[in-house]
Amino acid sequence: MKIAVLGAGAWGTALAIQAAARHAVTLWARDPAQIAAMQRARLNARYLPESPLPEALKLSAHLDEAVAGADLLIVGTPMAGLRATLQACPGAVPLLWLCKGFEAGTARLGHEIARELGRRAVGVLSGPSFAQEVARGQATALVAASEEAAVAEAAVAAFHGERLRVYTSTDPVGVEVGGAVKNVMAIAGGVADGLRERAQAQGDWSQAPGLNARAALLTRGLAEMTRLGLALGGRAETFLGLAGLGDLVLTATGELSRNRKVGLLLAQGLDLPAALAQLGHVAEGVYSARTVLERGQGLGVELPITAAVVEMLEGRLTPAQALNLLMAREPRAEL
């Protein structure tokens with residue numbers, strides 16, 4: 001296949017590295033200086049400094065050149081760049097995006113943006129995955145979701161192999177909701193872990209959440225994610241799969257998770273600007289939490305964990321207060 005990966009961040013670069021062993025792959029970035037630096041070093045020093053670029057991987061700063069003759073387009077830009085990239089790409093070529101979250105201003109998910117633009121041969125590639133591990137060739141499983149079977153099958157043909165497994169789904173709505181909401185839940189999980197680590201350092205466990213609390217938080221987070229997904233048109237079983245439970249567990253507990261790191265830093269006492277400055281990268285959950293809450297409210301969906309995270313991020317609750325608020329809720333039936 002001839003594949004164009006549009007966006008040379010960590011995730012786009014990692015997939016381009018893996019696909020270049022079997023396919024003709026071009027990795028595109030908007031910034032010519034970034035491409036020139038990657039070409040000289042054969043390395044994406046900013047995002048994946050430990051993963052050399054294969055010699056077969058072509059680099060380009062010209063979008064028309066990158067997409068010319070491509071059999072498959074992979075959009076690895078942030079959500080903020082998805083609309084413009086969709087508009088610039090040929091409509092007849094199967095296209096999948098990697099970004100997770102909501103578009104600022106419109107609060108739309110990727111499939112809603114594509115629908116608005118009249119794009120049909122599109123889908124999303126998601127699942128529990130850290131780019132560093134994919135670039136190193138460590139075992140990973142993803143899900144390619146599209147209403148067009150040929151689009152998901154193109155992703156399988158492009159990336160499925162011995163160390164990178166790609167499953168298919170016909171529920172892009174559920175896959176996208178899982179990918180967006182798990183980032184908010186990961187912030188909450190990071191807060192629980194951070195408060196526990198702080199209590200351990202101080203030798204005072206009296207008010208600290210433990211692993212039991214984190215398990216409860218993530219389980220209820222999955223229920224919250226599922227409620228919103230069903231209201232938006234997703235299917236319940238999707239949230240028990242890779243893009244739901246799988247991505248939630250990884251992002252809320254993994255050491256490489258940026259969203260979890262934000263929660264850890266807030267629990268240590270940093271304010272949000274300082275936490276983001278120390279992180280140095282985008283944490284999508286910070287920017288999508290309020291959108292998740294507002295979309296849920298508009299549909300009459302109860303999202304208590306999301307609401308507590310929003311209150312914390314916007315400075316009306318401390319991390320400890322947010323977690324205590326959730327644990328002190330009135331009893332109710334689980335399901």
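Before reading further, recall that the structure is shown in the block above.
Residues numbered from 1 in each chain as written. Predicted model: local features only at pLDDT ≥ 70, side-chain atom pairs only at ≥ 80, totals over all residues. Heavy atoms only, no water.

Caption draft 1: How the structure looks around the nonpolar core. Membership of the largest hydrophobic core comes to 47 residues, with the highest contact counts inside it found for V177, V262 and V309. At the level of elements, α8 (172-202), α9 (211-231), α10 (242-253), α11 (258-267), α12 (272-279), α13 (284-298), α14 (304-313) and α15 (319-327) are the ones that each hand at least two residues to this core. Looking at which element gives the most residues to this core, the answer is α8, with 12 residues. Grouped together as the second largest cluster of nonpolar side chains are 38 residues, L72, A135, A144 and A155 included. (Core = buried A, V, L, I, M, F, W, Y, C linked by side-chain atoms within 4.5 Å. Buried < 20%, exposed > 50% of the residue type's maximum accessible area, 1.4 Å probe, protein only. Helix = DSSP H or I, 4+ residues; strand = E, 2+ residues; numbered from the N terminus.)

Caption draft 2: Seen up close, the sheet that holds strand β2 (residues 24-28). Taken in spatial order, the eight strands line up as β5-β2-β1-β6-β7-β8-β9-β10 in an open sheet, and their pairing is mixed. Single-partner strands in this sheet number two, and they are β5 (58-60) and β10 (164-169). Mean inter-strand twist for the sheet, computed between neighbouring axes without regard to direction, equals 25°. Looking at chain direction, strand β1 (residues 2-6) and strand β6 (residues 72-75) are connected through four bridges and run parallel. Each residue of the ladder has a partner; that of A4, found in β6, is L73. (Pairing = 2+ DSSP bridges. Axes fitted to C-alpha atoms, helices over the stretch in contact; angles between N-to-C directions.)

Caption draft 3: Inspection of the pairing of strand β9 (residues 140-145) at higher detail. The element β9 is largely enclosed, with a buried count of five among its six residues. The sheet contact formed by β9 and β10 spans six bridges and is parallel. Paired with A144 across the two strands is T168, which belongs to β10. The parallel pair β9 and β10, bridged by helix α7 (residues 149-159), forms a crossover whose chirality is right-handed. (Right-handed = clockwise from strand over helix to strand, strands pointing away.)

Caption draft 4: Inspection of empty space enclosed by the protein at higher detail. Scanning the model with the defined rule gives two cavities of 30 Å³ or more in all. Taken together, A188, V191, L217, I305, A308, V309, M312, P319, A322, L323 and L326 make up the full set of residues lining the largest cavity. Contributing elements (two or more residues each) for the lining of the largest cavity: α8, α14 and α15. Here the lining of the largest cavity is composed, by residue class, of 11 nonpolar, no polar and no charged. Within this model, the second largest cavity holds a volume of roughly 40 Å³. Residue lining of the second largest cavity: C99, K100, G101, V124, S126, V175, E176, G179 and A180, and that is the complete set. Sorting elements by how many residues they give to the lining of the second largest cavity places α8 first, with four residues. Taken together, the residues that form the lining of the second largest cavity break down as four nonpolar, three polar and two charged. Both of domain 1 (2-170) and domain 2 (174-328) provide at least three residues apiece to the lining of the second largest cavity. (1 Å grid on protein atoms, 1.4 Å probe; cavity = no way out; pocket = protein on both sides within 12 Å on 5 of 7 lines; lining within 4 Å. Points joined across faces, edges and corners; volume = space filled by probe spheres on them. Nonpolar A, V, L, I, M, F, W, Y, C, P; charged D, E, K, R; others polar. Domains from an automatic or database assignment.)

The quantities given are spatial measurements derived from coordinates; they are silent on function.
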